[in-house]
Amino acid sequence: MTNKQTLKDQLPKIKCIEHERQIVQIGLDQNLLPSQRALCEMCGQKAILIPISIDRAIVMLRMIQNDEDIVQDKVLPCLIDQCLNGGDRALTVKDIITIGTILSNKFIKIGDNFVLRSKYIANKDRTQLDTSESFQNRRKQLKKQHQLIGNSSIVIKESTKYEAKTGIEWIKNIIETEQSSSSFITSSFSPIIKIWSGGKFKELKQENQFVRCVTLFDEELIVCYGDQSIRIWKQKDGTEWTVGQTLKDQHQGEIWSLVTHFETFITGSYDKSLKVFSKRRNNKLHQNYKSIQMVDISDCQVTCMAIHDDILGIGSRSGALVICQFTDAWNLTQIISKHTAAIQCVAFKPDQNLLATGSDDKSIILWEMKQGDQFEFLQEIKDHQSYVLSLAFHPTYAAFLSGGLDNKMILFSLDSKGRWIKYQELNKDNPITVIQFLKDNWRFYIGTSVGTIILNEIEQQQQ
């Protein structure tokens with residue numbers, strides 16, 4: 001009897017996809033798993049095992065390994081540890097089915113994407129996922145949260161201003177850290193990154209190389225420079241930051257944007273490509289990052305990017321919006337041309353399939369994901385008198401902020417017909433180059449073209 005026959009004989013009957021059960025294929029033996037099928041216990045049809053890479057499955061398991069349901073079980077933690085860290089034996093078919101069932105209970109497949117059920121539990125378009133009383137209560141709570149801002153009086157106040165001028169600094173990134181409410185990291189179009197704490201800062205400087213983009217990732221700073229290099233800054237035991245790894249010649253053009261996705265980070269360049277970097281290769285975790293995928297995005301030079309779950313929104317110099325989606329790898333799925341000049345900023349609304357872009361053509365365009373995971377034009381806004389440089393959606397309320405070269409910061413909300421309208425306009429002293437909400441939802445940073453960072457607070461009063 002062959003191994004394949006043995007596997008087939010061992011497979012139990014399960015529910016097929018049509019009967020709302022998804023078994024995720026995560027076995028280590030890549031030669032055997034694609035041939036596996038099981039019979040649905042309800043209709044007798046073959047139940048397809050949804051293919052997913054071992055790396056992707058491990059990421060998913062890491063996301064839920066501290067889940068209360070799993071921790072309380074005496075067997076599952078050992079099984080998950082076996083999958084995550086390896087062991088003295090290969091996983092059996094029973095193990096595979098068990099882990100697949102765990103993942104299918106915790107994740108839901110939206111199109112080609114696996115997303116935690118809890119993230120979609122309150123989505124009005126996904127009510128069929130859960131009709132329990134707790135779900136309905138959660139929906140009522142969120143509905144109340146998403147009331148029109150027009151029902152309240154919203155006041156935006158400046159709380160703290162940080163200034164550290166070493167010439168004209170065009171603030172590009174503001175990153176909140178975990179240390180305290182006054183701890184954050186900024187970068188600008190200069191060779192300097194600033195680590196702020198308590199109103200003071202330390203400088204990280206790479207001589208003669210201007211910073212293009214930066215992000216904080218697993219306590220490491222990933223920094224892309226004007227010479228097309230990527231440097232990984234590390235800090236040991238609270239001491240000084242040092243460069244632990246330098247990646248060179250990864251792109252043929254300047255790198256203008258950087259985002260993170262699970263255990264990887266993604267760079268976007270003027271060379272019309274994306275690159276994905278990871279420490280994990282062949283199911284083993286290495287010390288240094290290495291490129292694991294390159295994505296050709298046609299004739300689009302990357303200017304900015306934003307990511308939400310497994311969807312990547314990319315702004316281009318030509319004004320085209322590029323959409324990439326992740327299944328087992330990143331794939332180019334859509335290119336939409338509506339703007340007439342370069343896109344300077346992209347932002348997702350966290351709890352909806354909504355995307356906004358701001359452009360040098362002075363407009364903001366809102367895009368909505370429809371059936372088939374395709375984004376379609378929803379609305380164009382022309383309330384700025386110059387380039388739109390920054391966008392940020394409020395994490396929970398139906399509102400977003402924009403900042404422009406015209407020194408204006410505008411708060412938008414929904415009207416009674418579901419159209420986005422200007423709710424409040426604030427004039428600042430300088431162009432607003434970046435807006436970043438904090439995790440508490442009621443405060444946000446703005447960065448300006450002269451190196452000033454301002455912490456703002458939102459106050460809400462019922463009318």
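Scroll up for the structure.
For the structure given in this document, a descriptive report is provided here. Predicted model only: the values in this text are computed from it and were never measured.

When helices and strands are counted, the protein chain shows seven helices and 34 strands. Counting over 463 residues, the protein chain shows a buried share of 51%.

Moving on, we come to the side chain of Ser269. Turning to its location among the elements, Ser269 is positioned in strand S17 (residues 264-269). Ignoring any residue separated from it by four or fewer positions in sequence, one finds Ser269 in contact with His251, Gly253, Glu254, Ile255, Gln301 and Val302.

Time to look at the packing of aromatic side chains. This structure, assessed with the given rule, holds 18 aromatic pairs. On the numbers, 5.3 Å between centres and 55 degrees between planes, the contact of Phe400 with Trp420 is tilted. Taken together, the positions of Phe400 in strand S29 (residues 399-404) and Trp420 in strand S31 (residues 420-427) put the pair 20 residues apart, joining distant regions of the chain. Like Trp420, Phe400 is buried. Summarising the aromatic geometry, the rings of Phe437 and Phe444 are spaced 5.4 Å apart at their centres and angled 55 degrees between planes, so their arrangement reads as tilted. There is no split in this pair, since Phe437 and Phe444 are both buried. Over the ring of Phe201 we find Lys194, and its NZ or CZ is 4.8 Å from the ring centre. Looking at Arg231, its charged tip hangs above the ring of Tyr225, at a distance of 5.3 Å from the centre.

With that settled, the discussion passes to the pairing of S17. Of all the six residues making up S17, six are buried; the element is thus mostly covered by neighbouring parts of the structure. Along S17, one buried face is formed by Thr264, Ile266 and Gly268 and the opposite face, lined by Phe265, Thr267 and Ser269, is buried too. Bridge count for strand S16 (residues 255-261) against S17 is six bridges, and the pairing is antiparallel. Across the sheet, the residue bridging to Ser257 is Gly268, located in S17. Between S16 and S17, which follow one another and run antiparallel, lie two residues, and Phe262 among them has a positive phi close to 50 degrees.

Moving on, we get to the sheet that holds strand S24 (residues 343-349). Read across the open sheet, the four strands follow the order S24-S25-S26-S27; overall the sheet is antiparallel. The open sheet has two edge strands with one neighbour each: S24 and strand S27 (374-381). For this sheet the average axis-to-axis angle between neighbouring strands, irrespective of direction, equals 25 degrees. Examined bridge by bridge, S24 and strand S25 (residues 354-359) share six bridges and lie antiparallel to one another. In the strand pairing of S25, Val346 is matched with Thr357.

Assignment of secondary structure puts Asp81 in helix H4 (residues 76-85). Sequence separation between Asp81 and Gln65 is 16 residues, and the spatial gap between their C-alpha atoms is 8.6 Å.

Two pairing modes exist for strands in a sheet, parallel and antiparallel, and in both the strands are linked by backbone hydrogen bonds. Pairing within the open sheet is antiparallel, and its four strands lie in the order S28-S29-S30-S31. Either end of the sheet is taken by a strand with one partner, and the two such strands are strand S28 (388-393) and S31. Neighbouring strand axes in the sheet, compared pairwise and without regard to direction, differ in orientation by 20 degrees on average. Looking at chain direction, S28 and S29 are connected through five bridges and run antiparallel.

On to the side chain of His394, then. Positionally, His394 belongs in the loop between S28 and S29. On the basis of relative accessible area, His394 is assigned to the buried category, the value being 4%. In this structure His394 touches Pro350, Ala399, Phe400, Phe437, Asn441, Trp442 and Ile458, once residues within four positions along its chain are discounted.

A few words on the environment of Met60. Here Met60 shows up in helix H2 (residues 54-64). Sequence separation between Met60 and Phe262 is 202 residues; the distance between their C-alpha atoms is 9.0 Å.

Structurally, Val302 is set in strand S20 (residues 302-308). C-alpha separation for the pair Val302 and Gly319, spaced 17 residues apart in sequence, amounts to 9.9 Å. Those residues in contact with Val302, other than ones at most four positions away along the chain, are Trp256, Ser257, Gly268, Ser269, Tyr270, Ser273, Leu274, Ile297, Ile314 and Gly315.

Here we come to unusual backbone geometry. For Ser298, which is not glycine, the phi dihedral falls at a positive 60 degrees. In this fold, Ser298 is placed in the loop between strand S19 (284-296) and S20. The backbone of Lys362 sits at a positive phi, close to 75 degrees, despite the residue not being glycine. As for its position among the elements, Lys362 is in the loop between S25 and strand S26 (364-370).

A few words on the state of the cysteines. One pass over the full model with this rule turns up zero disulfides. Here Cys304 stays unpaired: no disulfide links it, and the sulfur of Cys345, its closest cysteine neighbor, is 6.3 Å away. We classify Cys304 as buried; its relative accessible area is 6%.

So, how was this worked out
- Residues numbered from 1 in each chain as written.
- Predicted model: local features only at pLDDT ≥ 70, side-chain atom pairs only at ≥ 80, totals over all residues.
- Heavy atoms only, no water.
- Helix = DSSP H or I, 4+ residues; strand = E, 2+ residues; numbered from the N terminus.
- Buried < 20%, exposed > 50% of the residue type's maximum accessible area, 1.4 Å probe, protein only.
- Contact = heavy atoms within 4.5 Å.
- Phe/Tyr/Trp six-rings, centres within 6.5 Å; stacked < 30°, edge-to-face > 60°.
- Lys NZ or Arg CZ within 6 Å of the ring centre and 35° of its normal.
- Pairing = 2+ DSSP bridges.
- Axes fitted to C-alpha atoms, helices over the stretch in contact; angles between N-to-C directions.
- Disulfide = S-S within 2.5 Å.

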